[in-house]
Amino acid sequence: MLKNIVGLVTGGASGLGLATAERLVREGGKVVICDLSTSKGADIAKHLGNNAVFAPVDVTSEDDVKNALDLCKIKFGRLDAAVNCAGITVVKPALNTKSKVIHTQEQFIKVLDVNIGGTFNVMRLSAAMMSENEPDTEGCRGVIINTASIAAFDGKRGQCAYSASKAAVVGMTLPAARDLASTGIRVCTIAPGYFLTSMTEGLLELNGGQLPDSMQFPARMGKPDEFAMAVQFIITNPMMNGEVIRVDGAVRMQPGANL
Ligand SMILES: NC(=O)C1=CN([C@@H]2O[C@H](COP(=O)(O)OP(=O)(O)OC[C@H]3O[C@@H](n4cnc5c(N)ncnc54)[C@H](O)[C@@H]3O)[C@@H](O)[C@H]2O)C=CC1
Ligand SMILES: C[C@]12CCC(=O)C=C1CC[C@@H]1[C@@H]2C(=O)C[C@@]2(C)[C@H]1CC[C@]2(O)C(=O)C=O
């Protein structure tokens with residue numbers, strides 16, 4: 001149960017973030033769905049009812065995140081769990097040796113800006129708000145959950161930017177947990193494998209109908225709610241701190257096709 005837990009979920013209008021927002025509400029909590037103003041976040045929050053509200057947020061903007069936290073305070077009074085799911089990817093080799101096309105620096109920086117900068121922006125501002133909470137019986141004031149990827153460890157061809165960004169999210173987990181320990185705020189990261197969302201739609205088709213990377217067990221794409229179950233576990237288990245959990249059915253990404 002997540003009774004009365006107030007969560008803020010970035011990327012909450014789609015895929016893993018949406019499943020997390022839905023689970024929070026289903027389990028008795030409340031949620032601020034943060035996503036781009038162009039997303040379906042407003043309709044989704046309406047559909048989820050009074051325990052959900054939408055905040056238009058670009059995670060790279062300090063003002064947008066502050067406004068979302070203000071809304072959280074006004075509507076629900078506090079923040080217990082911030083879940084960073086907003087993320088983007090680009091699939092492009094550093095250099096395409098056949099066509100001689102070079103990966104642009106702009107694309108590289110953009111992925112880092114959203115995936116690293118956005119995650120850090122939400123984490124630091126959420127922590128500041130959580131620091132105002134009364135501690136629970138364990139001294140805990142809140143929990144921050146970031147989303148990396150198994151690409152942080154075994155990036156494929158074409159994933160320099162994405163893998164670097166997710167490795168950074170893994171890398172900030174322990175120092176952030178250490179920074180926030182004295183305030184009673186926990187920080188964990190989930191590194192998902194292949195999950196069925198808009199980010200991976202078309203992946204099976206691209207792969208000739210085959211599952212990628214000889215998936216072990218279960219030999220299928222993850223369901224978004226299986227990610228949300230990991231979020232719930234981290235929120236409810238006070239010993240989960242400073243840790244990165246792979247949720248991937250034991251898959252290991254292979255180098256992939258020459259791009
Ligand atoms: N689907 C998968 O197999 C995996 C996904 N991930 C990671 O999980 C996270 C969620 O991905 P999915 O749900 O699959 O993707 P998705 O594309 O379904 O959802 C991502 C959401 O983030 C939002 N977003 C993008 N840029 C944003 C910004 N600047 N500010 C606010 N919101 C923004 C999008 O509007 C979208 O609603 C991402 O960080 C992704 O890298 C990691 C491993 C596997
Ligand atoms: C890069 C991938 C795989 C190759 C392909 O044909 C298309 C792709 C675009 C979506 C990527 C694919 C991938 O390798 C895994 C990721 C990066 C996927 C987006 C999310 C992804 O599933 C992941 O992060 C896995 O950890």
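Right, let's walk through the structure included here. (Residues numbered from 1 in each chain as written. Chains lettered and ligands numbered in written order. Predicted model: local features only at pLDDT ≥ 70, side-chain atom pairs only at ≥ 80, totals over all residues. Heavy atoms only, no water.)

Before going further, it helps to spend a moment on the sheet that holds strand β6 (residues 185–192). Strand order in this open sheet of seven strands is β3-β2-β1-β4-β5-β6-β7, and the pairing throughout is parallel. The sheet terminates laterally at β3 (52–56) and β7 (244–247), the two strands that pair on one side only. Direction aside, the axes of adjacent strands within the sheet are offset by 20° on average. As paired strands, strand β2 (residues 30–35) and β3 are joined by five bridges and run parallel to one another. From the neighbouring strand, D35 faces β3, where its bridge partner is P56. Relative to β3, helix α2 (residues 41–48) is tilted by about 170°, and along the sheet it contacts β2 and β3. Where helix α8 (residues 224–236) meets the sheet, its contacts fall on β4 (81–84), β5 (142–147), β6 and β7, and the angle it forms with β6 comes to roughly 160°. (Pairing = 2+ DSSP bridges. Helix = DSSP H or I, 4+ residues; strand = E, 2+ residues; numbered from the N terminus. Axes fitted to C-alpha atoms, helices over the stretch in contact; angles between N-to-C directions. Contact = heavy atoms within 4.5 Å.)

This part covers the site of ligand 2. Taken together, 15 residues sit near ligand 2, with S149, I150, K156, Q159 and Y162 positioned nearest. Residue Q159 places a side-chain N or O atom 3.1 Å away from an oxygen atom belonging to ligand 2. Between ligand 2 and P192 there is a distance of 3.4 Å, counted from an oxygen atom to a backbone nitrogen or oxygen. Burial of ligand 2 by the surrounding chains reaches 84%, relative to a free accessible area of 490 Å². Grouping the amino acids of the shell around ligand 2 by side-chain chemistry returns 10 nonpolar, four polar and one charged. (Near = heavy atom within 4 Å. Polar contact = N/O pair within 3.5 Å; in protein donor to acceptor, adjacent residues only side chain to side chain. Areas by Shrake-Rupley, 256 points an atom, 1.4 Å probe, with all protein chains shown as cover. Nonpolar A, V, L, I, M, F, W, Y, C, P; charged D, E, K, R; others polar.)

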